Amino acid sequence: MLKAIMITTALSGLLLSSALAQLPPRQSTTVTSPSSIAAEAHVISSQSSNQWLMSKFEGSDVLGPDNLKIGVVTDILFDEAGKIDAYIVGVGGFLGLGEKAVALAPSSFQLVKSTDSDAVKLKISMTKDQLKQAAAFQARAPISNTTGTGVKEPTRPTTNR
């Protein structure tokens with residue numbers, strides 16, 4: 001019995017080593033130091049007069065053509081390159097309940113600076129009723145089974161006991 005286990009182990013080792021020998025050589029990975037990463041990054045030290053912070057838009061009032069509040073910016077949709085595709089406007093409802101989300105392209109808005117504070121408001125040409133009739137924005141559900149490394153773990157079926 002022991003002899004059979006030893007022979008099986010030796011044969012497995014031979015087969016594995018020949019399989020590994022057929023693999024292409026691994027690329028050497030270079031470790032970049034933090035200083036070389038910082039040298040490649042473009043650091044912006046201050047905000048210019050034609051730039052806006054996201055925190056100024058999220059929660060901002062959205063005004064209709066009559067300058068009355070018709071909604072509020074609840075989120076900002078951007079692509080993988082960082083370009084803003086839409087502002088998500090919450091319209092209707094009360095204290096967030098029954099609120100409908102509508103995504104509008106940034107070109108739909110006109111910036112309006114508040115006269116009493118440094119707050120920014122966004123004005124659109126649509127009325128509140130038109131926003132309520134617009135198609136609702138459907139956000140993609142977040143992927144919940146990630147490890148934090150960007151590698152998705154396989155999902156395991158749950159069993160009822």
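Look above for the structure.
Below is a short write-up of the structure. This structure is a prediction, so every number in the text was calculated from the model and none was measured. (Residues numbered from 1 in each chain as written. Predicted model: local features only at pLDDT ≥ 70, side-chain atom pairs only at ≥ 80, totals over all residues. Heavy atoms only, no water.)

Scanning the entire structure with this criterion turns up 2 salt bridges. The closest approach of N and O atoms between lysine 69 and aspartate 61, which form a salt bridge, is 3.5 Å. Lysine 83 is the salt-bridge partner of aspartate 85, the closest N and O atoms lying 3.0 Å from each other. A relative accessible area of 31% means that aspartate 85 is categorised as partly exposed. (Salt bridge = Lys/Arg side-chain N within 4 Å of Asp/Glu carboxyl O. Buried < 20%, exposed > 50% of the residue type's maximum accessible area, 1.4 Å probe, protein only.)

Turning our attention to the sheet that holds strand E4 (residues 100–104). With respect to topology, 6 strands assemble into an open sheet ordered E4-E3-E2-E1-E6-E5, the strand pairing being mixed. Lying at the two open borders of the sheet, with one neighbouring strand each, are E4 and strand E5 (110–113). Ignoring which end each strand starts from, the neighbouring axes of this sheet average 40° apart. As paired strands, E5 and strand E6 (residues 120–123) are joined by 4 bridges and run antiparallel to one another. Following the sheet pairing, leucine 111 is matched in E6 by leucine 122. (Pairing = 2+ DSSP bridges. Helix = DSSP H or I, 4+ residues; strand = E, 2+ residues; numbered from the N terminus. Axes fitted to C-alpha atoms, helices over the stretch in contact; angles between N-to-C directions.)

This brings us to the nonpolar core. The biggest cluster of nonpolar side chains holds 16 residues, and the ones touching the most others in it are Val62, Tyr87, Leu104, Phe109, Ile124 and Leu131. Sequence-distant contacts of isoleucine 124, defined by excluding residues within four places in its chain, comprise Val62, Leu63, Gly64, Pro65, Ile70, Leu104, Ser108, Phe109 and Leu131. (Core = buried A, V, L, I, M, F, W, Y, C linked by side-chain atoms within 4.5 Å. Contact = heavy atoms within 4.5 Å.)

With the exception of glycine, most residues fall at negative phi, and the peptide bonds are largely trans. The phi dihedral of asparagine 67 is positive, around 65°, even though this residue is not glycine. Tracing the chain through its elements places asparagine 67 in the loop between strand E1 (61–63) and strand E2 (69–78).

Moving on: the layout of surface pockets. Its volume calculated, the largest pocket comes out at about 210 Å³. Going through the elements one at a time, helix H3 (54–57), E2 and strand E3 (84–91) are the ones with two or more residues in the lining of the largest pocket. Partitioning the lining of the largest pocket into residue classes produces 8 nonpolar, 1 polar and no charged. (1 Å grid on protein atoms, 1.4 Å probe; cavity = no way out; pocket = protein on both sides within 12 Å on 5 of 7 lines; lining within 4 Å. Points joined across faces, edges and corners; volume = space filled by probe spheres on them. Nonpolar A, V, L, I, M, F, W, Y, C, P; charged D, E, K, R; others polar.)

In this section: the pairing of E2. The two faces of a sheet get side chains in turn, since along a regular strand they alternate between them. Note: E1 against E2, 3 bridges, orientation antiparallel. When the bridges of E2 are listed, valine 62 appears paired with glycine 71. Taking the residues that link successive antiparallel strands as the turn, the E1-E2 hairpin has 5 residues, and the phi of asparagine 67 there is positive, at about 65°. Inspection of the sheet shows E2 paired to E3 by 6 bridges, in the antiparallel sense. Considered in E3, the bridge of phenylalanine 78 is made with isoleucine 84. Taking the residues that link successive antiparallel strands as the turn, the E2-E3 hairpin has 5 residues, and the phi of glycine 82 there is positive, at about 95°.

A separate point is the environment of aspartate 75. Here aspartate 75 lies in strand E2. With a relative accessible area of 41%, aspartate 75 lands in the partly exposed category. Other than its neighbours up to four places away in sequence, aspartate 75 contacts Glu58, Tyr87 and Ile88.

Take the pairing of E6 next. Where burial is concerned, the two faces of E6 differ: the one with Val120 and Leu122 is buried and the one with Lys121 and Lys123 is not. Strand direction decides the pairing type here: E1 and E6, joined by 2 bridges, are parallel. Within the sheet, the bridge partner assigned to leucine 63 lies in E6 and is lysine 123. The loop that links E5 with its antiparallel partner E6 comprises 6 residues.

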